[in-house]
Amino acid sequence: MNGTLGYGLVLGGLACASFGALVGLVGGMRRNDAAFPWVMRCVFGFFACMLGANLVMEWALLTNDFSVAYVAQVGSRATPTVFKIVSLWSALEGSILFWGLIMGSFVLAFALVHRREHARYMSLALGTMLAVGVFFTFLIAGPANPFHAMSPVPMDGPGPNALLQNHYLMIIHPPMLYLGYVGMTVPFGIAVAALLRGEMGDAWMAPLRRWTLVAWLFLSIGIILGSWWAYAVLGWGGYWAWDPVENASFLPWLTSTAFMHSTMVHERKKMLKLWTLALALGSFVLTILGTFMTRSGIFNSVHSFTQSDIGPTFLVFIAVLLFVSMALLATRGHLLVAESSINSVISRETSILVNNLVFVAITFTVLLGTLYPLISEAVRGIRVSVGEPYFNKMAVPGGIMVLFLMGVGPMLPWGSSDPKTVRARFWVPAGVGVAIVAACLAAGLRGVYPLMTFGLAGFVTVITLRELALPVKVRMTERKEGFVTALMESATKARRRFGGYIVHLGIVMIIVAVAGSSAYVTHTSGTVRQGETLKVGDYQVKYLGLTSGQEPHRTFIATRVQVTAPDGSVNELAPRMNYYERMTDPVGTPAVRETLKEDLYLSLMAFSEERGTASFNAWIFPLVGWIWWSIPILVLGTLIALWPSRKARAAVAETEKPAAGAPPEAGEMNRGAA
């Protein structure tokens, strides 16, 4: 019953997406406003069907309905309820089904927010998004159908992958990443509509930027949480290994970050129109490529799913996307004419253009290193390995350049600039950066790249704080406002600018944490008897003995260790091994002593009850916690930047009104809608 109902809802979603895509694209190109209400009905229908299919699957998982193929694959009577719920996205078919729900939610949200705006443009944008929905519902109905009937019906199932039951981050990391991936569908639809219409006015650049920022935020959170999950679960003493599937999420993050900076030049100088739309299209194509990497099984990764039949289907879809994107850029790009040009090398628009080129260079470097092993095997029959040294050698200098431009860009004015003024603004931040490098050297820190990173981080932080504080100072001086009032008014009047600088501080925090935890890590391993001590840097780790326990879905054996920190404080940690019924090998859970300065990370490798010994891997990671602690800063800055001002809302409302006595098409041109 559940399988039949769920599959019927998927077919309903496919029908709604197909009809909506056809009506939206044809009606939009024919400038038929009557098509829009039908497209809206299809959007509601698509969302309702995807929501219903996901609820049916969740019910089947919670009630242990093993007649449904996906439940028989990942379900288990012993699995705790919370992991039964999240097992929806623990394997290929369920994750694609969940993907469909998120897509329906995004398309519906976009349609509701902009439903009163230009119907023909909305028809094109929604038609494009629903066309993407056709592909994913086709996958769910065909190669990745989770509602297949099982015969005979098993009495129990194996449960979800043990790695995915081993930490609470599994509950939130995949949804955040999926929200980032699927969210790129909205800017893709807007960009395609802009190219089909041959223009991109301010009234539609704003939603393009805003929806990209929403997807960027979720993607950022997903990447950081994924790093945290790898750090907290896998026990290998790291959080980023340039794994192909890690790279798959990083690639669209790079291009979408470049896109958001490019929109600033578009809005202020009416330049880089075609480039900006190309970045929007490229970001979406890279999310589909990343989905293919994760779900086709062609990469050997702890993140990826097993071999499946959807790989060829994804390749065809990627080829179609590339063809459509390049064809639109080639045939419609000439209609997006720049209205100005760069007049000075020393200007903010130049720094943003260089910033974009650096981001694209890093993207190409990571993409080449990720795909080269597959290309080599396909062409030469030889499987090569591209590892961490390549990515670090190629990407780290680019990252340092991006950090430098994060400081230079805000310091430069738009248009031409006075070199004397620029130099005057440069000296104090540069002096702080040099002082930080000198302090690091005096403290015994060495290494060209990490010292450059710390110095540039100081340089960027001073400039960013100065840009944040300057409007506050002006209001306090000229309007005699108090600090809190001046701060709130400044943040309100220039939300995008204020929020963007807060995000910059969060990114600086991440870069500093990555540099410190990578360059100055301390590693020790050893086997100790009960009562003996393992020295890890300035920490003393004393092995106290073993303890064991049982949970509904696993048993565990943990080691009790007493940690004496350099300051004399004492803590007890319990790194352990978890045993799952259907897994031959245990899954370790490291124990971490976290401080603002550094983490002590302990991983249990082996133990012997007879001999009373335990073997540990131990690391000291300086500043590593700053990576996860950056999430609230990124969220705060993004929410401030997303929140529309009263002036912006009034301007959008005004652009929606056609000029008095103007025909519909003239009213459209007055709105600047693409």
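In case you missed it, the structure is sitting above this.
Residues numbered from 1 in each chain as written. Predicted model: local features only at pLDDT ≥ 70, side-chain atom pairs only at ≥ 80, totals over all residues. Heavy atoms only, no water.

**Let's talk about the pairing of strand 10 (residues 613–622)**
1) Next: Burial analysis of strand 10 places 10 of its 10 residues in the buried class, which makes it a mostly covered element.
2) Next: Taking every second residue as pointing to the same face, both faces of strand 10 are buried, with T613, S615, N617, W619 and F621 on one and A614, F616, A618, I620 and P622 on the other.
3) Next: Here 8 bridges tie strand 1 (residues 522–529) to strand 10, and the two strands are oriented antiparallel to one another. Residue pairing across strands places T527 opposite S615, the latter belonging to strand 10. (Buried < 20%, exposed > 50% of the residue type's maximum accessible area, 1.4 Å probe, protein only. Helix = DSSP H or I, 4+ residues; strand = E, 2+ residues; numbered from the N terminus. Pairing = 2+ DSSP bridges.)

**Regarding the sheet that holds strand 1**
1) Next: Pairing within the open sheet is antiparallel, and its 4 strands lie in the order 1-10-9-8. Here the strands that pair on one side only, and so sit at the sheet edges, are strand 1 and strand 8 (591–594). The sheet shows a mean angle of 20° between the axes of neighbouring strands, taken without regard to direction.
2) Next: Strand direction decides the pairing type here: strand 8 and strand 9 (residues 598–608), joined by 4 bridges, are antiparallel. Residue pairing across strands places V592 opposite Y601, the latter belonging to strand 9. (Axes fitted to C-alpha atoms, helices over the stretch in contact; angles between N-to-C directions.)

**Quick notes on helix 15 (residues 419–442)**
1) Next: Between the first and last C-alpha of helix 15 there are 34 Å, a value that for 24 residues agrees with the 34 Å anticipated at 1.5 Å per step.
2) Next: Within helix 15, the axis deviates most sharply at W427, by approximately 30°, and proline P429 lies no more than four positions further along.
3) Next: Every buried residue of helix 15 is accounted for by V422, P429, A430, G433 and C440.
4) Next: Trailing helix 15 by a residue or two, G444 shows a phi angle of about 95°, which is positive. (Expected span 1.5 Å × (residues − 1). Bend = angle between axes of the 7 residues up to and from the residue.)

**As for the nonpolar core**
1) Next: One finds M57, F110, L126, F136, I190 and W253 to be the most contacted residues of the largest nonpolar core, which totals 168 residues.
2) Next: Per-element tally for this core: the top contributor is helix 9 (residues 202–233), with 19 residues.
3) Next: What F110 contacts, discounting residues up to four positions off in sequence, is M122, A125, L126, M129, V186, I190, W204 and W211.
4) Next: Judged by nonpolar contacts, the second largest core, of 19 residues, contains V563, M577, L600 and L602. (Core = buried A, V, L, I, M, F, W, Y, C linked by side-chain atoms within 4.5 Å. Contact = heavy atoms within 4.5 Å.)

**Concerning the side chain of T559**
1) Next: As for its placement among the helices and strands, T559 is situated in strand 4 (residues 554–564).
2) Next: Note on T559: relative accessible area 0%, which makes it buried.
3) Next: The contact partners of T559, leaving out residues within four places of it in the chain, are Y543, G545, L546, L573, A574, P575, L604, A614 and F616.

**Considering the environment of F19**
1) Next: With respect to the helices and strands, the residue F19 is situated in helix 1 (residues 2–29).
2) Next: For F19, a relative accessible area of 41% puts it in the partly exposed group.
3) Next: Excluding residues that lie within four positions of it along the chain, F19 makes contacts with W38 and C42.

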